[in-house]
Amino acid sequence: MSTVNTVRKGPVEWIVLDRPDRLNALDKPTRRALLAALLGAEEAPEVRCVVLTGSGRAFCVGQDLAARHELDDAGTTVRDTYNPLVTVISTMDTPVVAAVNGLAVGAGMGLALVCDLVIAAEEASFACSFGKVGLVPDTGVSSVLVGALGHARAFDLAVTGRSLRATEAHGLGLVNAVVPTGDLEKEAQARADALAAGPATALALTKRIFRLAAHAPLAEVIAAEADAQGVAARSPEHAEGVAAFTEKRTPRFTTAH
């Protein structure tokens, strides 16, 4: 049975980590299946948004420590099977929404926080727990935490490995919204539907620029903004947006990513 399932809801692709008995821990087959699902969504023009979530009471608790042999050469494991997940989520033009339904620990925390939007259930929690097993943060956790919190607060979370409730993560700016657990799927779908109905070209370009802005100097960012604006202004979506504004109606964006 597959440990990663996909469900299409209109233009939104739900990708579900489905190892509830292992709290959706990531062994090598699961990482491969997740990468294949993400790449499949990226390559499907009819998919205009992706939602990543987990089954059961966890979003994902990171590396499956029962697969101990995968850490015999941990550097290769991270480079070959974790880094590609971060890369595809952060670079694919399609927006990715994390619907964090429960525990998001270690690499699971990383997978959630590298998404474009993070919606968390009230019962969800996040933990940078690598240090508790003598490891260092990976799967994008270092970049996201330092970028959002600065060195001191990020370092504190890493060395203590303490759990953040969803509301605290929201207060720190790591999460976009916290909703009642029973409303998580509906809220994530609504956010994804809104993104899917948006101007795909402009959203993709905005995602690229914002990812660049996290580390590039201002001169490089404003040059990228100018280039992207040139592309966006020539798109059918811009013409539709202007027409809708003039005609005082809701724009109908249909261009695929």
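It should be noted that the structure appears before, not after, this text.
**Student:** Any chance you could explain the pairing of strand 3 (residues 49-54) here in plain terms?
**Tutor:** Each regular strand displays side chains that alternate between the two surfaces of the sheet. Strand 3 sits mainly inside the fold: six of its six residues count as buried. Along strand 3, one buried face is formed by C49, V51 and T53 and the opposite face, lined by V50, L52 and G54, is buried too. Bridging between strand 2 (residues 12-17) and strand 3 involves six bridges; their strand directions are parallel. The residue of strand 3 that forms the bridge with V16 is T53. Once you follow strand 2 into helix 1 (residues 28-43) and on to strand 3, the crossover reads as right-handed. Pairing between strand 3 and strand 5 (residues 96-100): four bridges, direction parallel.

**Student:** How do you make sense of the packing of helix 1 against helix 2 (residues 74-91) when you look at a structure like this?
**Tutor:** Geometry of a packed helix pair, given as the angle between the helix axes and the separation of the axes. Put simply, helix 1 and helix 2 touch, their axes get as near as 10 Å, and they point 30° apart. Of the possible angle classes, the one that applies to helix 1 and helix 2 is roughly parallel. Read as a crossing pair, helix 1 and helix 2 show a hand that is left-handed. Where helix 1 approaches helix 2, its residues K28, R31, L34, L35, L38, L39 and E42 are matched on the opposing element by T77, T81, Y82, P84, L85, V88 and I89. Grouping the constituent residues of the contact of helix 1 with helix 2 by class yields nine nonpolar, two polar and three charged.

**Student:** It is not clear to me how the sheet that holds strand 9 (residues 163-165) should be interpreted in this structure. Could you clarify?
**Tutor:** Working definition: the strands of a sheet are paired by backbone hydrogen bonds and lie parallel or antiparallel to each other. With mixed pairing, the four strands of this open sheet are ordered in space as 4-6-8-9. Strands with a single pairing partner mark the edges of an open sheet, and in this sheet they are strand 4 (58-60) and strand 9. In this sheet, adjacent strand axes meet at a mean angle of 20° when their direction is disregarded. In this structure, strand 4 lies alongside strand 6 (residues 103-105), joined through two bridges in parallel fashion. Of the residues in strand 6, the one forming a bridge with C60 is A104.

**Student:** Whenever I open this one, the sheet that holds strand 1 (residues 4-9) confuses me. Can you help?
**Tutor:** Spatially, six strands are ordered 1-2-3-5-7-10 in an open sheet, and the strand pairing comes out mixed. Strands with a single pairing partner mark the edges of an open sheet, and in this sheet they are strand 1 and strand 10 (177-179). On average, each strand axis in the sheet is inclined to that of its neighbour by 20°, with strand direction left out of account. Taken strand by strand, helix 1 contacts strand 1, strand 2 and strand 3, and its axis lies near 180° from that of strand 2.

Reading guide: rules and limits
- Residues numbered from 1 in each chain as written.
- Predicted model: local features only at pLDDT ≥ 70, side-chain atom pairs only at ≥ 80, totals over all residues.
- Heavy atoms only, no water.
- Buried < 20%, exposed > 50% of the residue type's maximum accessible area, 1.4 Å probe, protein only.
- Helix = DSSP H or I, 4+ residues; strand = E, 2+ residues; numbered from the N terminus.
- Pairing = 2+ DSSP bridges.
- Right-handed = clockwise from strand over helix to strand, strands pointing away.
- Axes fitted to C-alpha atoms, helices over the stretch in contact; angles between N-to-C directions.
- Parallel < 35°, antiparallel > 145°, perpendicular 65-115°, else oblique.
- Left-handed = near helix turned anticlockwise from the far one by under 90°.
- Contact = heavy atoms within 4.5 Å.
- Nonpolar A, V, L, I, M, F, W, Y, C, P; charged D, E, K, R; others polar.

This is a description of form; function is not addressed.
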